Structure formats: structure tokens, C-alpha cells
Amino acid sequence: MEDMLFYDRMQFAFTITFHYLFPQLTMGLSLMIVCFKGKYLRTKIEKYNTAAKFFMKIFAINFTMGVVTGIPMEFQFGTNWAKFSDLTGDIIGQTLAMEGVFSFFLESSFLALFIFGEKLMGQKLHFLTGFLVFLGSWASGYFILATNAWMQHPVGYEILENGKYVLTHFSALFSNPWLLPAFLHNQLASVVTSAFVMAGIGAFYILREQNVEYGKLFLQTGVVFGLVSSLLLAFPTGDWAAKNVVKYQPAAFAAMEGIFETEDGGSEIILIGQPNMVEKKIDNKIAVPNILSFLTYQDWNEQIIGMNDFKEEEIPSNVPALYYSYHMMVGLGTIFIGIMAFAAFLLWRKRIYNSRYFLWVIMFATPFPYIATTAGWYTAELGRQPWLVYGLLKTSVGISPTVSSGNTLFTLLGFIGLYILLGLLFLILVGKTINLGPESQKN
Amino acid sequence: MEIFWYIIISIVLVIFFILDGYDFGVGIIHLFFAKKEKDKKVIAKSAGLFWDSNEVWLVVAGGMLFMAFPTFYASVFSGFYLPLIMVLWLIIFRAIGLEFRNQFNVQMWKDMWDKAFGVSSLLLALFFGIALGNIVRGVNLGSVGNGISKYEAHYFFLPLWDSSFSPASVHPGVIDWFTLTIGLISVIALAIHGASWIILKTNSTINEQLKSVVFNLNIGLLILTVFSLSIWHIVNPAPFKNFIDKPYLVIFPLIYLIGLFGLFFVKKFKKDIHSFIFSITVIVGGITFSLASMFPVILPSTNEVNPSLTIYNTAAGEYGLSVALGWGIVGFILLFVYLIVQKRLLGGKIDNMDYGH
């Protein structure tokens, strides 16, 4: 039984972590492509259309990866989490089915038109198809976040005698207070990822002294999008999402921040340190007094309840992993604001294209938003453990009763092998596209 | 309400097998009949343009099944664990085969992905047929041995095969000689369907040859159909009971027969679309015929202890099903609008379409 739970969780964690590398770029990049296309419609300058087509090429490869790694996610609810599906399908089946009907169709039907139909449809319709692809991908994010919001903070349900959860208020799924902050935070994070990717490619072209004209355009666009989105990511959306955790999952909040003791005169914010679960303290701690109370309640002396004052079963099952995920997300998010603010300053002073050291920094910063978004999702999901549906259903109850650990390990190994192959192919193909450059997209 | 969702999900599944079915069929034809690079390229493209929006119908069928019949979804997806995960792997290979073949202009690279596309399409067609065979045959719900259930009444687990390889065994596997027969029917029907699609959408040099291929495959389909009907009683003691009780259901086997006989005139058709229409008819008839023979059962139990799964004992709550009806209708109208817009704008022969052109 323990084995079964372990391998089911490993398989879900591995496949979802790999999967989410792709949709975040899909969502952010679709917005930026639509902007390029819109700018081309207004100005009729060919450069913008070429830029849109170039990123569309990267988008198409990325989208394929997102689709093929996404289908296993939907299937796994049934294959590995059958009991969970059986008990809660009445509720989360709604949002997952809506995702398919309202967003996948929009995305995939119009993506084919966007890629193949420019000459057939004319520029205005082509812009419209691009916009619909963007809309579809964001709607998809919305329905997934609605599903996750119900698991984090269940609403609008009742429990039947046979233990099943049934829906009683459909609208509650979408007015769930957890949903909007989480959705906005998630979408802005995907814009940050795409902005860093675009700026990184731009920096690469400028440093390589190839496609410099496009390099400048990409860098400039990336920095503008990156600065705005990374600021909004921290405030108000990050702040808002954290306050939801304080309100609905207070024990998870204490674990994320690494607060063991409840301090009477306000809590410190821990910047660095390692949770010591035996002695219940943070080792090698660097902290700033009273900041956490202020950030959480806008009051320097407000009390924050530490883990020691919660019951054992309320505390998340893996505190150190949760603590590190959260600190990585917040730390990287802060660094992103710094990088983008400095880049924007250089851009304003017209010095960025000659600041070669800083261009190297921007280029090598490209993978880090992926790490931050992954850490962000780990924070949300580890914070919920040991619950599958917070406060209602334990994760250990949700697994498929008939699928043995040997079968799950077999498929987990298969997924690992297959996804390594996919990852390599993705890097080769995107690398090739970047190497060929935007000029190759002109007809 | 249960019947309504049962019909809706069946329609979505049938549309999936019509749309993505031709992609599988194109893959099979590509594997065996495309020899020149020009044909290989255009035939792969006839699937490559739409595979993604076609595959979405499967995702939606899965999502709706989850929403409307969660118990069935949980039971079947965990019970057929290994074959389903393998279907996922094959779907991945099929997709990257189509998407990546033209990324490098190197013959070795293209050949590699062509094979990935062809072989995975063939296996997918086989697996989906075997899946239908399993649903018709039924499973040992609750894994009953000596009159005692090992699991809750609606759970089971099937290995890929059992050593007897027989559908009549106490613990039948996923693959036995009955389900394999249905799998072969599926491969042949989808190959015919794919060939008809290629004839409709491309000017490949093998279009004329494909018409004879369709004719010959159709002979095979007829033989296998007769064979499967004659052995049906082994897995279901009264396979035609539903059609005798409710004579109007006979429409479904009739649809199948119309398609099957229509395809014999493939060489005489004046328009390319006629063959495609009859291959659609075969698919629609084949699936609805199988489902209608069992209704309202959706997964028969092969033991006496646990009852079969029906649309009534696996459905979600009445409230959930009715609100879903509201958004479902809106959604469906949108789906058909997208489908029509897409097929109209990218209608006609596709030989000269290319990325960004």
C-alpha cells in the first residue's frame, strides 16, 4: 500500500512537472505573438510579422510538447487516482470537462488555421485566429486552476452517505476565493517565463552579432513584458495568494515561512536557513525581525501562529521540501524584478545593447523562471499534503486500489525514458530554429 | 439525464473515431503503400494538418466521461491500466512523428519519424479495437475468485493477456482471440477510412492504387465481420436480445452494412468524397452497433457475484448532470462552429499548403 502511494505520487509529480514546462511558454508566448501581430497590423512594418512568425515556429514545437504530455495528465486521474476520481468526479469532472470543451478546441482548431492559413485568410483574420489561440490557452489555465482551487479550498459540495462528494453549487466553483489570485499569479508567471525566453534569445543574437535588428526587438519587448509582469507577480497577486494561504491553510503558511515558534511581538521573515525537524528550528538562519507580520497583516506586531502550535496532523507532511520550494520561488521572483528593473533602466538610457556583461546575464537567466514556476507549484501542492482535497480527503485514500506498485513503477520508468527523449528533441529543434533566425521565416 | 449524457459521449467518441480515425488510417497506409518521398510527404501532411484538433475529441470524451460517469471512468481507467498508458505512449510517438518529420531535410531523419508515425498509428488502431472488444466481452468485476470479490464491486485489474488467451477464461486478459479479432476489424476499417481520406484530400500518385486497396481490404472486413458475429455468442449468450426487444435499434447494424456494401463500389465512384462517406458510415455503424447491443450496460460483468456497470449505477449526481447540460449545449454549438470554420477554410486538396504560406 505504501509502495503504491509512493509510485503513484512520483509518477504524477514527474509527469506534471515535465508537462508544465511547456504550457507556461504557450500561455505567455501566445500573448506576445498576438502583440507582434497586432503591431504589424497597425504599422505594416514587415519586421513585426516576421517576429510573430518566428515565435510561432517555436510556439508550434512547444505546443506539440504541451499537448502530448498533457493527455497523460487527464488519463492519470483515472488510471492512478481512481478512488479520488470516483469520489470527486461529480465536481472536478465539471471543470476538467469544461477545459476540454471550451479551451482545447479553441486552441487546437485555430492553431492549425494560424499556422497554415495566413495567405488564405488575410491579415485581419490571421490576427483573430492568433487571438483565439491565446484565449484558448488562457481559458485552459483558468479551468485547471479552478480544479486545483477546489482541491485547495473545497466549496459548493455535499458529502453523500456512500462517501461521495457531489456538487450543490456550480457557481461556487468559479467564485471560489482561492481561484482568482491563484489564476492571475499563475498567468503572470507564465508571462515572466516567456519574457525571459524572448529577452534571452534577443541577448543571444546581439552577443552573437547576428540578426541584431531582431535581437534588439526581442530584448526590448522581453524587458518591457518582463518588468511589468514580474512586478505584478509579486504585488498584488503574490501577496494576495499568500494571504489566502494564511486564511485557509495557516499551518501550511507557517511551514512555507519556516516559523516554528509563535512570537508575541511579531514574526521575523526568514531569508535563508535549513529547517531542522528534530529540534524544530531553522539552522544557520538569516532573518529580518517583524517583517513577516507586517507583510501578512500590515501590522509590525501581529501574531503569526508557528508550527509548534498546530496539531501534528495539520502540519504539511514534508516541511523542508515545502519551505525550500517557497523560498526558491520568492527568492528567484525577487531576483527577476532586479534583473528586469536594471535592464529597463539601461534600455531607457539607451545603453543596454552595448552592456555585454549584462546581456550575458539576461541570456543565462532564461531557465530560471522555469525553476521558479515549478517551485511555485510545488509550494501549492506540498502545502496541501497530506490532503488530496484540503481537510476532506487524504492523498493515501485517493489511489487506484487495483493498480499494483510494480505496474506503476513500470509505467513511471517508461515515462522517464520517453520524456528524456522528448526533452532532447525539444532542445534540438528549438535550438535549430533559434540558430536559423527570424530571417529564415521570410518567404 | 443519464441517457442524454450517454448519447452525447457516444457522439463525441464516434466523432473522435471518424476524425482521428482517418489519421490512424493514413498512418497505416503510409506505412505500407507510400514509396516516393513526394507521396510520403503529402500523405503525412494530410494527417499532420489536423491530428491535434482531432485528438481533442478524445480528450473531451475522457473529460465528459469523468464528469458524467465518474465511477465508470475510475473503474475502467484503473482496470485497463497498462494498455491505456501504452496508448498514451503511442499517441506521443504518433504526434512527434508527424510534427518533427519535416524539421530537418535529411532522408534518414524523415524515414525515422515516418516509421514512428506509421507503426504507432497501426498499433493505436489495433488497441482501440481491442478496447472495444473488451467492453463488449466484459471483465471480471471485483476480481472474483471462488465466489469472493478481491476488490470493491466496480474495480478490477486486467493483465495484458492470460495464458489461455481465451475470452471464456475466468480471468481474461486484455488481449484474447475475441478482442484481437475486433482489433483487426478496427485496423482494416480505419485503413480503409485513411485511404479514402488520402484520396479525398491529396493528389498523391497512389490514389488510383488506393482504390483497389480499399476494395481488397473491404473483402477482409466482410470476412472478419461475419466471423466475429458467428463467435459473438461465446462472450455474450444473447447478443441480439436488445435488437429483438427494441427493433428500432436495428438501424445501427443497418448503417454498418450500408457502409460495408457501399465500399465495394469504390472504383466506380465519380467523386472522391463518396468513398470517404461510406467509410464514415462503417465507423459510425460499427461503434453504435456494439454499444446498442449492450445498452444500458456499459461494462458487462463476467461473474455472477457483482452486477454489470450501467449508465445508471455509475452516473454523477442529478444536479451536476443538469448544470453540465447548460454549458454543454453552448459548448457543443461552439465545437461545431469551429469544426465547420476550420474544414471550410482549409478545405480542398492540401498538397500545396505549407507552414506560414
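Bear in mind that the values here come from a model prediction, so they are computed numbers and not experimental data.

> Can you tell me about the overall build of chain B, naming the residues and giving the values?
Check the secondary structure of chain B and you find 12 helices and two strands. In sequence order, chain B lays out its α and β elements as α-α-α-α-α-α-α-α-α-α-α-β-β-α. The C-alpha radius of gyration computed for chain B amounts to 21 Å, which stays within 12% of the reference 21 Å derived for 357 residues, consistent with globular compactness. Counting only residues that meet the buried cut, chain B has 53% of its 357 residues in that class. Across chain B, every contact between residues at least 6 apart in sequence was considered, and the portion connecting residues at least 24 apart equals 74%.

> Requested: an account of the environment of Gly286(B), with residues and values cited.
All names here are of chain B. Relative to the assigned elements, Gly286 resides in helix 11 (residues 272–294). Overall, Gly286 belongs to the buried group, with 26 C-beta atoms counted inside 10 Å. C-alpha of Gly286 to C-alpha of Phe252: the two residues are 34 residues apart in sequence and 7.7 Å apart in space.

> I'd like a description of the interface of chain B and chain A, backed by residues and values.
On the side of chain A, 56 residues touch chain B, which itself brings 54 residues to the contact. Among the secondary structure elements, those contributing two or more residues to the side of chain B that touches chain A are helix 3 (51–68), helix 4 (70–79), helix 5 (81–100) and helix 12 (318–345) of chain B. Looking at the side of chain B that touches chain A, the element that brings in the most residues is helix 5 of chain B, giving 12 residues. Split by residue class, the side of chain B that touches chain A holds 38 nonpolar, 13 polar and three charged.

> Residues and numbers for the packing of helix 5 of chain B against helix 6 (residues 107–137) of chain B, please.
The relative placement of two packed helices is expressed as an angle between their axes plus a distance between the axes. Residue and element names in this part refer to chain B. Contact pair helix 5 / helix 6: the axes reach a minimum separation of 8 Å and the direction vectors enclose 145 degrees. As helix 5 runs across helix 6, the sense of the crossing is left-handed. Residues Pro83, Val87, Leu90, Ile91, Phe93, Arg94, Ile96, Gly97, Leu98 and Phe100 of helix 5 lie in contact with helix 6, whose contacting residues are Trp113, Asp114, Ala116, Phe117, Ser120, Ser121, Leu123, Leu124 and Phe127. Grouping the constituent residues of the contact of helix 5 with helix 6 by class yields 14 nonpolar, three polar and two charged.

> Any details on the domain arrangement of chain A? Residues and values, ideally.
Residues and elements named next belong to chain A. The domain boundaries assigned to chain A delineate domain 1 (1–167 + 402–432) and domain 2 (199–375). A C-alpha centroid distance of 25 Å is found between domain 1 and domain 2. When residues of the side of domain 1 that touches domain 2 are traced back to their parent elements, those giving at least two are helix 1 (2–43) and helix 2 (46–79). Sort the elements by how many residues they give to the side of domain 1 that touches domain 2 and helix 1 lands first, with five residues. Looking at the side of domain 1 that touches domain 2 residue by residue, the class counts come to four nonpolar, three polar and one charged.

> Quick one: what's the story with the pairing of strand 4 (residues 281–288) of chain A, residue by residue and with numbers?
Residue and element names in this part refer to chain A. Where strand 3 (residues 269–276) and strand 4 come together, six bridges link them in antiparallel fashion. Looking across to strand 4, one finds that Asn276 is bridged to Lys281. What sits between the antiparallel neighbours strand 3 and strand 4 is a turn of four residues, in which Lys280 has the positive phi angle 55 degrees.

> Before we move on, can you summarise the environment of Tyr326(A) with the specific residues and values?
All names here are of chain A. By the element assignment, Tyr326 lies in helix 11 (residues 319–348). Along the primary structure Tyr326 and Gly258 are separated by 68 residues, whereas in three dimensions their C-alpha atoms are 9.8 Å apart. The contact partners of Tyr326, leaving out residues within four places of it in the chain, are Met256 and Thr379.

> I'd love a proper account of the packing of helix 7 (residues 179–208) of chain A against helix 13 (residues 368–384) of chain A, names of residues and values included.
All names here are of chain A. It is the contact of helix 7 with helix 13, at a shortest axis distance of 9 Å, that shows an interaxial angle of 165 degrees. In terms of orientation, helix 7 lies roughly antiparallel with respect to helix 13. Here the hand of the crossing between helix 7 and helix 13 comes out left-handed. Seen from helix 7, the contacting residues are Ala189, Val192, Thr193 and Phe196; seen from helix 13, they are Pro369, Tyr370, Thr373 and Gly376. The class makeup of the residues in the contact of helix 7 with helix 13 is five nonpolar, three polar and no charged.

> So what's going on with the nonpolar core? Residues and values would help.
In this structure, Ala61(B) and Ala68(B) are the most contacted members of the largest nonpolar core, which totals 259 residues. Per element, the largest residue contribution to this core is 20 residues, and it comes from helix 3 (residues 82–116) of chain A. Looking at which domains feed residues into this core, each of domain 1 (1–167 + 402–432) and domain 2 (199–375) of chain A gives three or more. Those residues in contact with Ala68(B) that sit more than four places away from it in its chain are Trp5(B), Ile9(B), Ala315(B), Ala316(B) and Leu321(B).

Criteria and cut-off values
Residues numbered from 1 in each chain as written. Chains lettered and ligands numbered in written order. Predicted model: local features only at pLDDT ≥ 70, side-chain atom pairs only at ≥ 80, totals over all residues. Helix = DSSP H or I, 4+ residues; strand = E, 2+ residues; numbered from the N terminus. Rg over C-alpha atoms; globule rule 2.2 N^0.38 Å. Buried ≥ 20, exposed ≤ 12 C-beta atoms within 10 Å, placed from the backbone. Contact = placed C-beta atoms within 7 Å. Nonpolar A, V, L, I, M, F, W, Y, C, P; charged D, E, K, R; others polar. Axes fitted to C-alpha atoms, helices over the stretch in contact; angles between N-to-C directions. Left-handed = near helix turned anticlockwise from the far one by under 90°. Domains from an automatic or database assignment. Pairing = 2+ DSSP bridges. Parallel < 35°, antiparallel > 145°, perpendicular 65-115°, else oblique. Core = buried A, V, L, I, M, F, W, Y, C linked by C-beta atoms within 7 Å.

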